[in-house]
Amino acid sequence: FVALMGLKSPNWVLSSSYNPWAWSSVSSGEHDFLGNFKDFVPPPENGGAGLELRRRVVGGGGEKEEALSVDYNLNHSVAPPLGVEVSEAEPPVDKKEESLKITTNRSSDFPSFNDTHVLPLSPKIIRKLSNLQILETRLQQARAAIRDTQQSGNRSYDPDYIPTGPIYWNAPAFHKSYLEMEKQFKVLVYEEGEQPIFHNGPCGSIYSMEGNFIYKLETSKFRTRDPEKAHVYFLPFSVTSIVHFIYDRNSRDHWLPMKQTVRDYVDLLAAKYPYWNRSLGADHFMLSCHDWGPEISKSVPELFKNSIRALCNANTSEGFRPSKDVSIPEINLPGGRTNGLIGGPSPSKRPILVFFAGGLHGPIRPILLDHWENKDPDVQVHKYLPKGVSYSAMMRKSKYCICPSGYEVASPRMVEALYTGCIPVLIKDHYVPPFSDVLNWKSFSVEISVEEIPNLKKILMGISNRQYIRMQRRGVTVRRHFEVNLPPKRYDVFHMTLHSIWLRRLNIRVHDVDDL
């Protein structure tokens, strides 16, 4: 039995409307990794009212009782107990064998009252740690290293790229975290499941993140086939494939067979392996770019409530929780590659103030078109582009590109704008932008509320040319984090997705119950 150790009240502090979700496990002091973290005092380690939830789960040989409890130790010292020697786990032995041995210099004979006996100040404790305890100890060391960098601001050498500047909430801490991820992060991809639903996904559409991530992870250095060495466990199903092959629009309950597919898969894994039950799914993750990803994740309550869900449709009004879920970008790759999609002219060669073209999807676009379609030559807003006019060419001619929500919050326009050097203008409600745990979107994009749509031109004209040039250059810099590469390159969208998952894993600890 093990228990998942988390935080009673996550310290995710909102320092902007994009909510840079700092992880309290590496925060200490006035400023945290990703935002301003002030005035938080954790309760004492052995005091306070701790929340403990118990539930029954079934797997393997029958019912098991698991404990989901709260632990604030992540805000305290991350060093192992004094004098503990960490050694590799050994095969199970007789339970009566002592797991702790304390040695001193005292004689085994009973001392006389006239003798003076001095106990050593630092007794040596030898403990045989399990594989899980060793893994968690190394994660604690990573937390400590990131915290030290967060406080000192010291930079690490990197031959490829050193994050810097206002596009990051805390560039040195992000860089250190990224390097720690490269050094130790391991993902187990469950091998159960057959194509086309599992281990498969689209690579050449607006849902391309699903197929690209699955294929790249399965051939990545981050993959491990040893579940005892894994930090997280990936459920390799594609929601887009589920919808394509299982969805029946004529069915009375079209959700049922799709949700049953995911439910049966998780039940299979929970019965075959101990890893889902031991954390109630909290160290497992799924990835979906389909609009129905959040709804299908509800097929298993623990998947929706506990697991890490990497979603393009990162809508907080539909249950997206930035403290445990990951927002990923929606990227349209018509030919499966980015050839010809990336690059654009300098700011001085962009005569159009702002551009948008798109159909009437959802509640926001009709308002936008009603106010601005064919109303102003500086504001190029169209439902349909005139014949012979190129969509990508218009983006390259524009300073700003409007990225409104459709029926759902996700849209490939944000990445298309960054690819072409156009500053994204976000008009979305309840949306968490991709990688906003480390990226400061306000430094390279503009956010406008729905109520401010009539003032669109006034707001954009109010941005000075100097500030526009700064934002445009930052957008060109941050673009590397959204690029799709084959094979993957450091700091690209594949690695940034893994890094966001790594951050969520750093926010929890899985313990043997004996250690509680």
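Above this text sits the structure in question.
Calculation notes
- Residues numbered from 1 in each chain as written.
- Predicted model: local features only at pLDDT ≥ 70, side-chain atom pairs only at ≥ 80, totals over all residues.
- Heavy atoms only, no water.
- Disulfide = S-S within 2.5 Å.
- Helix = DSSP H or I, 4+ residues; strand = E, 2+ residues; numbered from the N terminus.
- Buried < 20%, exposed > 50% of the residue type's maximum accessible area, 1.4 Å probe, protein only.
- Pairing = 2+ DSSP bridges.
- Axes fitted to C-alpha atoms, helices over the stretch in contact; angles between N-to-C directions.
- Parallel < 35°, antiparallel > 145°, perpendicular 65-115°, else oblique.
- Left-handed = near helix turned anticlockwise from the far one by under 90°.
- Contact = heavy atoms within 4.5 Å.
- Polar contact = N/O pair within 3.5 Å; in protein donor to acceptor, adjacent residues only side chain to side chain.
- Salt bridge = Lys/Arg side-chain N within 4 Å of Asp/Glu carboxyl O.

A look at the state of the cysteines
Enumeration according to the criterion identifies two disulfides in this entry. Put simply, cysteine 401 and cysteine 422 are joined by a disulfide, and their sulfur atoms are 2.1 Å apart. Handedness of the cysteine 401-cysteine 422 disulfide follows from its S-S torsion of about 110°: it is right-handed. Highlighted residues: cysteine 401 in strand S15 (residues 398–404) and cysteine 422 in the loop between helix H11 (413–420) and strand S16 (423–427), separated in sequence by 21 residues. Residue cysteine 401 shares its accessibility class with cysteine 422, and that shared class is buried. Numbered by position along the chain, the disulfide-linked cysteines of the protein chain connect as 1-2, 3-4. The cysteine cysteine 403 is free of any disulfide, with cysteine 401 supplying the nearest cysteine sulfur at 6.7 Å.

What to know about the sheet that holds strand S17 (residues 446–447)
Taken in spatial order, the five strands make up an open sheet running S14-S13-S15-S16-S17, and their pairing is parallel. Only two strands of the sheet have a single neighbouring strand rather than two, namely strand S14 (379–382) and S17. By the bridge criterion, three bridges tie strand S13 (residues 352–357) to S15 in an arrangement that is parallel. Bridge pairing links phenylalanine 355 to cysteine 401 in S15.

What to know about the packing of helix H4 (residues 239–246) against helix H5 (residues 255–272)
Between H4 and H5, whose axes approach to 10 Å, the crossing angle comes to 135°. The angle between H4 and H5 falls in the class oblique. When you trace H4 past H5, the crossing you get is right-handed. Contact residues: H4 offers Ile242, Val243 and Ile246, while H5 offers Pro257, Met258, Thr261 and Val262.

Section: the sheet that holds strand S9 (residues 232–234)
Here six strands make up an open sheet; going across it, the order is S8-S7-S9-S10-S11-S12 and the pairing parallel. At either margin of the open sheet sits one strand with a lone partner, and together these are strand S8 (223–224) and strand S12 (326–327). Examined bridge by bridge, strand S7 (residues 187–189) and S8 share two bridges and lie parallel to one another. The partner of leucine 188 across the bridge, within S8, is threonine 224.

With respect to the side chain of histidine 175
Mapped onto the elements, histidine 175 comes out in helix H2 (residues 171–184). When its relative accessible area of 1% is taken as the criterion, histidine 175 is described as buried. A polar side-chain atom of histidine 175 sits 3.1 Å from a polar atom in the side chain of tyrosine 491. Not counting residues up to four positions away in its chain, the partners in contact with histidine 175 are Ser156, Asp158, Tyr161, Ile162, Pro163 and Tyr491.

A closer look at the pattern of salt bridges
Taken as a whole, this structure holds 18 salt bridges when the rule is applied. For arginine 504, the salt bridge identified is with aspartate 437, shortest N-O distance 2.4 Å. Of this pair, arginine 504 sits in helix H14 (residues 493–506) while aspartate 437 sits in the loop between S16 and S17, and the two are 67 residues apart along the sequence. When its relative accessible area of 6% is taken as the criterion, arginine 504 is described as buried. Of the residues examined, aspartate 437 reaches a relative accessible area of 2% and is grouped as buried. The partner of glutamate 447 in a salt bridge is lysine 442, and the shortest N-O contact between them spans 3.5 Å.

Remarks on the pairing of strand S10 (residues 284–288)
Of all five residues in S10, five are buried; the element is thus mostly enclosed. What you see with S10 is no split at all: His284, Met286 and Ser288 on one side and Phe285 and Leu287 on the other are buried throughout. Where S9 and S10 come together, two bridges link them in parallel fashion. The residue of S10 that forms the bridge with phenylalanine 234 is phenylalanine 285. Bridge analysis of S10 against strand S11 (residues 308–311) gives four bridges, and the strand direction is parallel. Pairing of leucine 287 across the sheet is with alanine 310, part of S11.

Structural notes on unusual backbone geometry
Generally, phi is negative for residues other than glycine and the peptide bonds are trans, each holding for most cases. The step from glutamine 195 to proline 196 runs through a cis peptide bond, and the omega angle for that step is 10°. For proline 196, the location among the structural elements is in the loop between S7 and helix H3 (208–218). Following leucine 486, the chain continues into proline 487 via a peptide bond in cis, with omega recorded as 0°. Positive phi, close to 55°, is recorded for leucine 280, a residue that is not glycine. Mapped onto the fold, leucine 280 is located in the loop between helix H6 (275–279) and S10. Overall, leucine 280 belongs to the buried group, its relative accessible area being 6%. A positive phi angle, near 65°, is found at histidine 430, a position not held by glycine. When you line up the elements, histidine 430 lands in the loop between S16 and S17. For histidine 430, a relative accessible area of 49% puts it in the partly exposed group.

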